[in-house]
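One letter stands for each residue in the lines below.
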Amino acid sequence: MQHPAPLANCPSYRGRFAPSPSGPLHLGSLFTALASFLDARSQGGEWLVRIDDIDPYRTQPGAADRILSSLESLGLTWDRSVVYQSQRLERYRTGLDALRDQGLIYACDCSRRELAEERTDSPPGVYPGFCRHKQLAPQPENQALRLVTGDVVIQFEDRIQGPVKQVMDREIGDFIVYRRDGAFAYHLATVIDDAEQGVTDVVRGQDLLDSTPRQIYLQQRLKLPTPKYAHVPILLNAEGQKLSKRTLAAEAETRYPGRLLGYLLRLLQHPLPAGMEAAATGEILDWAIRHWQLARLRHVGAMMPKTTPFSL
Ligand SMILES: [Zn+2]
């Protein structure tokens, strides 16, 4: 794959927030957005917003606009135009072709049920490579495309979580880059976009920590740069599940932006000085940018917020 043309006026830090518009922004995504925003701004960096609407089956009409207006109402303003993954399918196809040219792609027609029932020596969730040598004739219908892994060791130093290491074939297996329902896989789209947008730093939820080696592996195969990563703690609901659209987390109420920012900052281990929640969002964010220290999140596990900002 061609290196993306260097962007003019390339800052030394460019961060991004990339929500999927499968519903409105809940507290958990805003928590991550704020961490990513503050980390970028505290280093004089740019902050981009990308709408990860690569999965047509999960995209909800109108959700992207609501997400953007939630960010705006908290004063989380972004640089450059918002990028939509659904408009970039050609780029992902080029990336897939580059992997295919290296002989790293094969078709797989295993169903989920077959994979669940088959007895193998592979740990659960690791694809045992059934189709690697089948050389199935390419048919776009009902076939996934997988990327060959091998005994490659991927390691990186997460800015919050410390060292991470995975052996690709043993811990992940050949993974899907193009889904049988005809959508490009999230990891492929993400690494292509991060590289093309010149993202230097990714700050996102800890639930994605285990997928990062897959993304780094893809970057290496596509000769793309690897950004720095920081995975922030996730927020849980009262049942101990990650706050997400899937667990029906409610849209974050942004009617009182100062209180909401104060609440999120407390969870981010940066409590506002007394009385400051009544200040304008710009003033609150300026304070947070000046005081931001990502390292404060280092020993914080997943959090179960006991109250919402509006019962305070
Ligand atoms: Zn298969």
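As shown above, the structure is provided for reference.
About the criteria used
- Residues numbered from 1 in each chain as written.
- Predicted model: local features only at pLDDT ≥ 70, side-chain atom pairs only at ≥ 80, totals over all residues.
- Heavy atoms only, no water.
- Helix = DSSP H or I, 4+ residues; strand = E, 2+ residues; numbered from the N terminus.
- Buried < 20%, exposed > 50% of the residue type's maximum accessible area, 1.4 Å probe, protein only.
- Contact = heavy atoms within 4.5 Å.
- Pairing = 2+ DSSP bridges.

Here we look at the environment of Gln155
Looking at where Gln155 falls in the secondary structure, it is placed in strand 6 (residues 153–158). Judged by relative accessible area, which is 56%, Gln155 ranks as exposed. For the pair Gln155 and Asp201, spaced 46 residues apart in sequence, the C-alpha separation works out to 16 Å. When residues no more than four places from it in sequence are discounted, the contact partners of Gln155 are Val164 and Lys165.

What to know about helix 7 (residues 212–221)
For helix 7, a buried count of eight out of 10 residues is recorded, marking the element as mostly surrounded by other parts of the structure. Within helix 7, the full set of buried residues consists of Thr212, Pro213, Arg214, Gln215, Ile216, Tyr217, Leu218 and Gln219. Following helix 7 by one or two positions, Lys223 has its phi on the positive side, about 55 degrees.

Here's the deal with the pairing of strand 4 (residues 105–108)
Judged by which residues are buried, strand 4 turns out to be covered on both faces: Ile105 and Ala107 on one side and Tyr106 and Cys108 on the other are all buried. Here strand 4 pairs with strand 5 (residues 144–147) via four bridges, running antiparallel. Each residue of the ladder has a partner; that of Ala107, found in strand 5, is Leu145.

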